[in-house]
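# Close look at the chain arrangement
The lines below spell out each chain.
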There are 2 protein chains.
Amino acid sequence: MLSDFSKTFGDIIKSDGGKIIFVVLDGLGGIPYYGGKTELEAAKTPNLDRLAKESAKGLHIPVEFGVTPGSGPSHLALFGYDPVKNIIKRGIMEALGIGITPSTDEIVARGNFAKCSEDDGKIKVLDRRAGRISTEINKNLCSILSEKIKMIEDVEVKFYPVKEHRVCVSLKGKGLSDEIGDTDPQKEGEYIRRPQILGEDTYEKRRTADIVEKLTFKIFEVLRSNEYAQCILLRGFSKSPDIESFEKRWKLKALAIATYPMYRGIAKILGMDVAELDGENIDSQIRALKNNFEKYDFFYFHFKKTDSRGEDGDFEGKVKAIEEFDSIIPEILSLNPEVLAITGDHSSPSALAGHSFHPVPIMIWSKRAFKDGSGRFTERDCRYGSLGLIYAVHIMPLLLAHAGRLEKFGA
Amino acid sequence: MLSDFSKTFGDIIKSDGGKIIFVVLDGLGGIPYYGGKTELEAAKTPNLDRLAKESAKGLHIPVEFGVTPGSGPSHLALFGYDPVKNIIKRGIMEALGIGITPSTDEIVARGNFAKCSEDDGKIKVLDRRAGRISTEINKNLCSILSEKIKMIEDVEVKFYPVKEHRVCVSLKGKGLSDEIGDTDPQKEGEYIRRPQILGEDTYEKRRTADIVEKLTFKIFEVLRSNEYAQCILLRGFSKSPDIESFEKRWKLKALAIATYPMYRGIAKILGMDVAELDGENIDSQIRALKNNFEKYDFFYFHFKKTDSRGEDGDFEGKVKAIEEFDSIIPEILSLNPEVLAITGDHSSPSALAGHSFHPVPIMIWSKRAFKDGSGRFTERDCRYGSLGLIYAVHIMPLLLAHAGRLEKFGA
């Protein structure tokens, strides 16, 4: 019944106001498991307990009821972008995961090293995963290719090893399109394909398909006598999304403090600065937060372990990860932010050993918050919190409101 | 994410059914403050307490999560109008506030009396607020102008004093447009401007700009030797919105019972009748409610004090205002309405001394209500109420439903 307010926010966001620390405990939410408790319920969290009483609590739906999101959509929603309209394609997510942030004139594709042979001028696929070669051999193949193939026409080509037989290939140049099909025929005994044109036929798409076809033959030419793999099968050609910057959208100068490449990459795509860390642990993250606190308005603080342990089905491990985060809360509070918000990007219940669709606890601590006065920071207690059950895309406006960064709407 | 039902209501609203009394306690919502209580929690409210058990309770979001609304958008939402698509412009709100309800062929602008001098045929601004003249002098200047300037060409002109140097100017006539810029240069030492054309250039806009320019020179001609102010700087030209009447939308003959001009004006814009009151207190309002109870289907009963005290940061005063309203509830119930709904248009926590974005308590008392059976009428208890957390635009359909005024949808 209500019209889309998102455009209206542009008119009421102030360019000043308090500092916001936004903590994302990856995969935070759980469901009851050991002894009927969730990980948050089982954890000993004196600091979260205290904050829970002084904060407004609630639950958020990352994307939509029943939908289990990947890290891309869930983070876009947390940062106030419609996760259905703004898609970071799978190839881009794969690139981000290995530390590459593609530029706007770059296309990336996921690939497999494959065993292949020539058959009447075509390349036939014998083993789609090249016998699952080791990551070491993969790295070696990539460095051979990187040496021999630097350009196809005026397009710059790069090869990045992933794990085992998996590889990431980047094409960088003007006038390329990612609306082309895969070269991977998905079946052994078939030929590597020239990419199909997806949708309307355009010059850009045909040119990109030409480049990819030439690249494929060039790879085969270089590797044809290699003992492990002779070609690369490509799929999921992707460009970075054309997405409004976080700073433009919310008038916040933002710093991402994350140890994992994928989250650093998502932040870069949104135009956030990404903190250099002196280690891969939470203490390094706290140091980065302290050292940069004066320079930014908004801090995206990402903690990965909660998700990793949840995905492993490791209940005790996830409990410990929560307790580890709890212990550093006093250091965060010592910075005296205007707003401290703590939530997850989605649920990863140990009981399910993976991402899930369950709502995620959130709490907002601020002098403008409705201090709930009771309950812990758990899935169950957050249900009764003053924020209610909200969509994740509503979180950014709430954070701005709690930081005193929104003008009154209308007279 | 649900499809827009609003157009469908037209088909299922009955033209008969029970009477609805809709009480709007302005700025009702609060956040914990003194001793960790909100104003509603601190107030002694035996009548609200009783109703809370016999009613369906909930919380509403006036416009959108995180958005602090002005009185215009929040009231439009309460009356079931999308507050983003239907905007009452600032100039109109100012006019309503001093008791003028502009007609559809009328344009109003906010103005300042200013000290000015002639400079080569142009009017130079020396003091944008004319030394903040008293309201008395303002009234005097307005009566001089009202006497000397009644028409510019075929456009009727009126001058209304506001406070200190502030004035409201109305232009009434056919073919005027409010899409023109300000005459106020916003800077001393600069010249009063001819209004710019905003958007596409049209005959109506150019003509309105001509009238405004002529008016400005005429004002200067009348006041040029006055000792306090010599001209008026105009800004925010506004027309009343083109908005469907409340009666057409909801098939309810409605009476507004409000003491403050702004709320009486909003009701007039929606085509409601506005009760004549024999005083400015709540007893006069109750008398008007009783005297008109047979004649209408819907009563908008507005109580201002809760907001005024909240905006003053006066916790005890807001508590007392709530208690004052509580005391008259038996008189309202004695009329035996089909539905009595009590809510606020937005929150005005004393702790923040102003409007805020926090959800607002609502309760609906009716034989069709899910009687919650527990809790008081407070922000915290309303969270657990059977209405849940809803957008304000959902309230009108709920009131109709509770009054038995909606047909079943579909077979």
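A quick note: this is a predicted structure, and the numbers were derived from the prediction, not measured.

How each quantity is defined
- Residues numbered from 1 in each chain as written.
- Chains lettered and ligands numbered in written order.
- Predicted model: local features only at pLDDT ≥ 70, side-chain atom pairs only at ≥ 80, totals over all residues.
- Helix = DSSP H or I, 4+ residues; strand = E, 2+ residues; numbered from the N terminus.
- Rg over C-alpha atoms; globule rule 2.2 N^0.38 Å.
- Buried ≥ 20, exposed ≤ 12 C-beta atoms within 10 Å, placed from the backbone.
- Contact = placed C-beta atoms within 7 Å.
- Domains from an automatic or database assignment.
- Nonpolar A, V, L, I, M, F, W, Y, C, P; charged D, E, K, R; others polar.
- Arc of directions from axis to C-beta.
- Axes fitted to C-alpha atoms, helices over the stretch in contact; angles between N-to-C directions.
- Parallel < 35°, antiparallel > 145°, perpendicular 65-115°, else oblique.
- Least-squares fit on C-alpha atoms with pLDDT ≥ 70 in both.
- Pairing = 2+ DSSP bridges.

This part takes up the overall build of chain A. When helices and strands are counted, chain A shows 15 helices and 14 strands. Radius of gyration (C-alpha) of chain A: 24 Å, near the 22 Å computed for a compact globule of 411 residues. Dimensions of chain A along its principal axes, counting C-alpha atoms only, are 75 × 50 × 45 Å. For chain A, the residues scored as buried account for 49% of the 411 residues in total. Of the contacts formed within chain A by residues at least 6 apart in sequence, a portion of 72% connects residues at least 24 apart.

Turning our attention to the domain arrangement of chain A. Residue and element names in this part refer to chain A. By domain assignment, chain A separates into domain 1 (7-88 + 242-402) and domain 2 (95-239). The centre of domain 1, based on its C-alpha atoms, is set 37 Å off from the matching centre of domain 2. In this complex, domain 1 contributes six residues to the contact, which on the side of domain 2 involves five residues. Classifying every residue of the side of domain 1 that touches domain 2 by side-chain character gives four nonpolar, one polar and one charged.

This brings us to the interface of chain B and chain A. Note on interface size: it is often stated as the accessible area lost on association of the parts. Across the boundary between the two partners, chain B contributes 34 residues, which contact 24 residues of chain A. The set of elements that each furnish at least two residues to the side of chain B that touches chain A consists of helix H4 (71-78), helix H5 (90-97) and strand S14 (388-391) of chain B. Classifying every residue of the side of chain B that touches chain A gives 18 nonpolar, nine polar and seven charged.

Since the α-helix turns once every 3.6 residues, residues separated by three or four places project in the same direction. Residues and elements named next belong to chain A. Here helix H3 (residues 46-54) has its buried residues at Leu48, Leu51 and Ala52. The buried side chains of H3 occupy one side of the element, clustering within an arc of 105 degrees when seen end-on. Each element contacted by the buried residues of H3 is listed here: strand S2 (56-61), helix H12 (315-327), helix H13 (329-333), strand S13 (360-366) and helix H14 (379-382).

Moving on to the packing of H5(B) against helix H9 (residues 261-269) of chain B. Residues and elements named next belong to chain B. The geometry of H5 relative to H9 is characterised by a closest axis approach of 7 Å and an angle of 120 degrees between their N-to-C directions. Compared by their axis directions, H5 and H9 come out oblique. Touching Met93, Leu96 and Gly97 of H5 are Pro261, Met262, Gly265 and Ile266, all from H9. Taken together, the residues of the contact of H5 with H9 sort by class into five nonpolar, two polar and no charged.

Let's shift gears to helix H9 (residues 261-269) of chain A. All names here are of chain A. Taken across its nine residues, H9 has seven buried, putting it largely inside the fold. Regarding H9, the residues found buried are Met262, Tyr263, Arg264, Gly265, Ile266, Ala267 and Ile269. One or two positions beyond H9, positive phi appears at glycine 271, with a value near 80 degrees.

This part is about the relation of the copies chain B and chain A. Least-squares fitting of chain B to chain A yields an RMSD of 0.2 Å, with the transformation described by 0.3 Å of translation along the axis and a rotation of 122 degrees. Accordingly, the operation relating the two chain copies is best matched by a three-fold axis. Interface overlap between copies: only 15% of the residues of chain B at the interface are likewise at the interface in chain A, consistent with a contact formed by different surfaces.

A few words now on the pairing of S13(A). Residue and element names in this part refer to chain A. A large share of S13 lies buried, amounting to seven of its seven residues. Of the two faces of S13, the one carrying Val360, Ile362, Ile364 and Ser366 and the one carrying Pro361, Met363 and Trp365 are both buried. Where S2 meets S13, five bridges bridge the pair, whose relative direction is antiparallel. Residue pairing in the sheet places histidine 60 in a bridge with valine 360 of S13. Sheet topology note: the strand S12 (residues 339-343)/S13 ladder contains five bridges and is antiparallel. Its bridge partner lying in S13, valine 339 is registered against serine 366.

Right, let's talk about the sheet that holds strand S1 (residues 20-25) of chain B for a bit. Strand pairs in the sheet, formed through backbone hydrogen bonds, run parallel or antiparallel to each other. All names here are of chain B. Read across the open sheet, the eight strands follow the order S10-S9-S11-S1-S12-S13-S2-S14; overall the sheet is mixed. Looking at strand neighbours, the two that pair on one side only are strand S10 (273-274) and S14, the edges of this open sheet. This element, helix H14 (residues 395-402), spans S1, strand S2 (56-61), strand S12 (339-343) and strand S13 (360-366) of the sheet and lies at about 15 degrees to S13.

This part is about the sheet that holds S12(A). All names here are of chain A. One open sheet accounts for eight strands, arranged S10-S9-S11-S1-S12-S13-S2-S14; its pairing is mixed. In the strand order of this sheet, the two ends are held by strand S10 (273-274) and strand S14 (388-391), each with one partner. Both S2 and S14 contribute to a ladder of four bridges, which runs parallel. Within the sheet, the bridge partner assigned to isoleucine 61 lies in S14 and is tyrosine 391.

To continue, consider unusual backbone geometry. In this structure, A:Arg132 is a non-glycine residue whose phi angle is positive, near 45 degrees. Topologically, A:Arg132 is positioned in the loop between strand S4 (122-127) and helix H6 (135-148).

Residues and elements named next belong to chain A. Pairing between strand S5 (residues 151-152) and strand S6 (residues 155-161): two bridges, direction antiparallel. Note on S6: the bridge partner recorded for methionine 151 is glutamate 156. What sits between S5 and S6 in their antiparallel hairpin is a turn of two residues, with glutamate 153 showing a positive phi close to 50 degrees. Note: S6 against strand S7 (residues 166-172), six bridges, orientation antiparallel. Note that in S7 the partner of tyrosine 160 across the bridge is cysteine 168.

Residues and elements named next belong to chain B. You can see lysine 53 is positioned in helix H3 (residues 46-54). Residue class for lysine 53 comes out partly exposed when judged on the 15 C-beta atoms lying within 10 Å of it. Linking lysine 53 and lysine 371, residues 318 residues apart in sequence, is a C-alpha distance of 6.3 Å. Those residues in contact with lysine 53 that lie beyond four places of it in its chain are Lys371, Asp372, Gly373 and Ser374.

Our focus in this paragraph is the environment of A:Lys251. All names here are of chain A. The residue lysine 251 is located in the loop between helix H8 (246-250) and strand S9 (254-257) in this model. Sequence separation between lysine 251 and phenylalanine 298 is 47 residues; the distance between their C-alpha atoms is 9.8 Å. Beyond its immediate sequence surroundings of up to four residues, lysine 251 is in contact with Ile13 and Ser15.

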